[in-house]
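Spelled out from the first residue to the last, the chains are:
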Amino acid sequence: MARPFSEVTSLPLPLLRDNVDTDQIIPSREMKSTGKTGLADGLFAGWRYIGTSGREPDPAFVLNDPRYAHSAVILAGRNFGCGSSREHAVWALAEYGFRAVIAESFAPIFAGNCVRNGIVPVVLDAAAIAAIAGSGGPITIRLAEQDVSLADGRRWTFAIDAEAKAMLLDGLDAIDLTLRQAERIAAWQGQDRAARPWIYLEKPA
Amino acid sequence: MAAAGRKVADPARVFAVTDHIVDTRPGRTDQTLMPGGQAFITETRAATLAAGIRLFDVTDPDQGIVHVISPELGIVLPGATLIAPDSHTCTQGAFGALAWGIGSSEAEHAMATGTLRLKKPGTMRVTFAGVLPAMVTPKDMALALIARHGAGGGAGHAVEFAGEAVRALDMEGRMTLCNMATEFAAMTGMIAPDEKTFAWLAGRRYAPSGPQWEAALAQWRMLASDPDARFDREIGIDAGALAPMVSWGTSPEQSAPIDGCVPPDAPQRVLDYIGLASGVQLKGTAIDAAFIGSCTNSRLSDLRQAASLLQGRRIAQGLKAICVPGSSQVKREAEAEGLDRIFIEAGFEWRESGCSMCFYAGGESFAPGARVVSTTNRNFESRQGPNVKTHIASPATVAASALAGCLADPREIA
């Protein structure tokens, strides 16, 4: 079960680039086990550390800027999380302490992975993202109200799918939710099996 | 799933394959250069055995990249719903299936319940009118679409590829086109099934046979969109005006015709990474390595096209060049035609099937900072190795470039 989300107040980490892909969020080289943990150290490894194998922080990368040491929100451009479906990208973000990403758009698989892991994908337009970045101050994201606000009162609302919102608010387990419908699923599959038997393969001998 | 006490709802409809982790060097075993890779293979073997799931294991004659072997075995079918925890699952939309990539949690959901919770996506039709010129391929169609409409251009939509140039593609070409739908941020790409689709699937292992085949055909012939179907968005592209494409940056949207230049407004941080300047001509850029493989371009027709350019020629001196067939079956078929000899005599390594250096699969990468021309799908920073500069292109363009030792136009060699 993912950690429930109600609201977060944080200075957002400005990563104002388009097409930040999951290979950057967690490089393949940093995925060393079959588990979901131990990934935060490899988050943004290619940009965060100097050289290709060491762990010396690169001061030029924003994640190493002490002002953003406690940021729980990333502020980004278009198509955040594109590329590989690796859920490790979201596990790494969550383990590091991020609770939300604000972007102009998200790659669909990444957005789905966020919802399954308690991270809110917030879509705002370019003007709102520029205004938030320009303010240099903390923001508050409230999920129930679906809004993002600055301390000076400027406020933007965002859209989120009703089911994704409910799952994030309550940290619901999607599998449990679906298994409550087990009888309806079985009934549908029974009909479908009669209509399309070739879809329902027999167990191999 | 085991920790939550959950079981696979219907193991007969679940398949597993070793492709991302497995070594592709000749004479391979379970051992891989990837840290933890061997444990991954061993754990997968034990878990699939315990759950009753069919695994296409390292030495299985049907092993290969998931999106290559699923069609080969007739696992994907028109009208089927198919998912895999891999973004390029949209490849299989070429058969008129609803096929898309998901994360691990959703894969768990699918196995535990036989379902997924999904919000209906918007609909988009991309119509390629006209006839593709010689040496212009489905890969070039996809890169042209993404270059014009952005790597986020398909967001929120499922895309149907249509039009004369799409109908004319063989099934392998259709798979290449649909494969790149995820690089367009689309939920999936698909192509209406037709007689070519049905002929390709007939007789394959998991496809229906006998009376069930006839019943399936009757249903499949009704799957195509109606002529007057309305889509939320429409894009039109003149296939006859397309050229071979090559990427110049670190996103597939940063692609241009091979006879074009790096655009004047290219972002500076991208230019710093890729080591090119705005205005520079792409053709003639010196390369260190060439790669032919991946779920995008590793099927028999891809290898034939590259081999047609390589036959009787040698690649540039000092160039590292690798060809990785998409499946063990593709490898056997290519060897039966003598394609392996053509690649080897031209100077290519000839590998076992797997995902290989598309992304550090099997734990292998190109040399740090190398410039690589590649038939893969992603030119992301360091995807093919630390600071590796990737130029994605078609098998024809990669073969032509390998011969020339620099980015080259296949139309000038053929």
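Enquirer: Just checking my understanding: could you explain the packing of helix α4 (residues 138-149) of chain B against helix α6 (residues 171-179) of chain B for this structure?
Expert: Describing two packed helices takes the angle between their axes plus the distance from one axis to the other. Residues and elements named next belong to chain B. Interaxial distance between α4 and α6 falls to 8 Å at its minimum, and their mutual angle equals 20°. Taken together, the axis directions place α4 and α6 in an arrangement best described as roughly parallel. Remark: the crossing between α4 and α6 carries right-handed chirality. Packed against α4, whose contacting residues are P138, K139, M141 and A142, the element α6 presents G173, T176 and L177 at the interface. Residue classes in the contact of α4 with α6 are distributed as four nonpolar, two polar and one charged.

Enquirer: I would appreciate a short explanation of the environment of D125 of chain A in the present structure.
Expert: All names here are of chain A. Inspection of the secondary structure assignment puts D125 in the loop between β5 (120-123) and α5 (126-135). According to the C-beta neighbour criterion, D125 is exposed, with 12 such atoms within 10 Å. Between the C-alpha atoms of D125 and G54, which are 71 residues apart in sequence, the distance is 37 Å.

Enquirer: Is there a simple way to explain the pairing of strand β6 (residues 157-162) of chain B in this structure?
Expert: Remark: a regular strand shows side chains that alternate across the two faces of the sheet. Residue and element names in this part refer to chain B. Counting buried positions along β6 gives six out of six residues, so the element sits mostly inside the fold. Side chains H157, V159 and F161 of β6 all project onto a buried face; the interleaved residues A158, E160 and A162 project onto the opposite face, where all are buried too. Pairing analysis gives six bridges linking strand β5 (residues 122-129) to β6, with the strands arranged parallel. Bridge pairing in β6 links T123 to A158. One crossover worth recording links β5 to the parallel β6 by way of α4, and it is right-handed. In terms of strand pairing, β6 meets strand β7 (residues 188-190) through three bridges, oriented parallel. The residue bridging E160 from the neighbouring strand is M190, located in β7.

Enquirer: Looking at this model, I keep getting lost on the sheet that holds strand β2 (residues 13-15) of chain A. Mind explaining?
Expert: The strands that make up a sheet are held in pairs by hydrogen bonds between backbone atoms, and each pair lies either parallel or antiparallel. Residues and elements named next belong to chain A. Spatial strand order, β2-β3-β4-β5: four strands in an open sheet with parallel pairing. Strand pairing shows two members of the sheet lacking a second neighbour, β2 and β5, which therefore form its edges. Taken pair by pair, the neighbouring strands of this sheet meet at an average axis angle of 20°, ignoring direction. Direction of pairing for β2 relative to strand β3 (residues 73-76): parallel, over a ladder of three bridges. Counted as the bridge partner of L15 is A76 from β3.

Enquirer: Would you mind going over helix α12 (residues 339-346) of chain B with me for this structure?
Expert: In an α-helix there are 3.6 residues to a turn, and that puts residues three or four apart on one side. Residue and element names in this part refer to chain B. Those residues of α12 lying buried are L339, I342, F343 and A346. Looking straight down α12, one finds its buried side chains confined to an arc of 95°; they lie on one side. The elements touched by buried residues of α12 are α10 (300-310), β12 (320-323), α11 (328-336) and β13 (349-350). At the C-terminal side of α12, G347 shows a positive phi close to 115°.

Enquirer: Can you walk me through the sheet that holds strand β7 (residues 147-150) of chain A in this structure?
Expert: Residue and element names in this part refer to chain A. Within the open sheet, the four strands sit side by side as β1-β6-β7-β8. Their pairing is antiparallel. What marks the edges here is a single partner per strand, and that holds for β1 (7-10) and β8 (155-157). Pairs of neighbouring strands in the sheet enclose a mean axial angle of 15°, with direction left out of account. Sheet analysis places β1 next to strand β6 (residues 139-142), joined by four bridges and oriented antiparallel. Bridge pairing in β6 links E7 to R142.

Enquirer: I'm lost on the domain arrangement of chain B in this one. Help?
Expert: It is common to give the size of an interface as the accessible area lost on bringing the parts into contact. Residues and elements named next belong to chain B. Taken domain by domain, chain B holds domain 1 (11-113), domain 2 (122-240) and domain 3 (244-412). Each side of the interface is counted separately: domain 1 has 20 residues, and domain 2 has 23 residues. When contributions to the side of domain 1 that touches domain 2 are tallied by element, the ones reaching two or more residues are α2 (66-72) and β4 (98-101). Grouping the constituent residues of the side of domain 1 that touches domain 2 by class yields eleven nonpolar, nine polar and no charged.

Enquirer: Help me understand the interface of chain A and chain B in this model?
Expert: Counting residues at the interface gives 43 residues for chain A and 51 residues for chain B. Breaking the side of chain A that touches chain B down by element, the ones donating at least two residues are α1 (22-25), α4 (108-116), α7 (174-179) and α8 (182-195) of chain A. Per-element tally for the side of chain A that touches chain B: the top contributor is α4 of chain A, with five residues. Partitioned by chemical class, the residues of the side of chain A that touches chain B number 15 nonpolar, 16 polar and twelve charged.

Enquirer: When you look at the packing of α10 of chain B against α12 of chain B in this model, what are you seeing that I'm missing?
Expert: Residues and elements named next belong to chain B. Interhelical geometry of α10 versus α12 gives an angle of 50° and a closest axis separation of 9 Å. Relative to α12, the element α10 is oriented oblique. For the element pair α10 and α12, the recorded crossing hand is left-handed. Residues L303, R304, A307 and L310 of α10 form the contact with α12, whose own contacting residues are L339, I342, F343 and A346. Considered class by class, the residues forming the contact of α10 with α12 number seven nonpolar, no polar and one charged.

Criteria and cut-off values
Along each chain, residues carry numbers from 1 onward, in the same order as the chain's sequence is written. Throughout, the order in which chains and ligands are written sets their labels, letters from A for the former and numbers from 1 for the latter. This being a predicted model, a pLDDT of at least 70 is required before a residue's local features are given, and a value of 80 or more before pairs of side-chain atoms are given or counted; all residues contribute to the totals for chains, interfaces and linings. To obtain each axis, a line is fitted to C-alpha atoms, and for helices this fit is confined to the stretch in contact; angles are then taken between N-to-C directions over 0 to 180 degrees. Going along the chain from the N terminus, every DSSP run of H or I of four or more residues is numbered as a helix, and every run of E of two or more is numbered as a strand. Angle categories: roughly parallel below 35 degrees, roughly antiparallel above 145, roughly perpendicular from 65 to 115, and oblique for all the rest. Crossing handedness is defined as follows: a turn of the near helix away from the far one that is anticlockwise and smaller than a right angle gives a left-handed crossing, while the clockwise case is right-handed. By definition, residue pairs are in contact when their C-beta atoms, positioned from the backbone, come within 7 Å. Gly is put with the polar residues, along with every residue not named as nonpolar or charged; the nonpolar set is Ala, Val, Leu, Ile, Met, Phe, Trp, Tyr, Cys and Pro, and the charged set is Asp, Glu, Lys and Arg. Neighbour density around each residue's C-beta defines its exposure: 20 or more other C-beta atoms within 10 Å make it buried, 12 or fewer make it exposed, and counts between make it partly exposed, where C-beta atoms are placed from the backbone. Following DSSP output, two strands are said to pair if at least two bridges run between them. A right-handed crossover is one whose linking path, passing over the helix from the first strand to the second, runs clockwise when the strands point away from the viewer. Arc definition: directions from the helix axis to the C-beta atoms. Boundaries between domains were set according to an automatic or database domain assignment.

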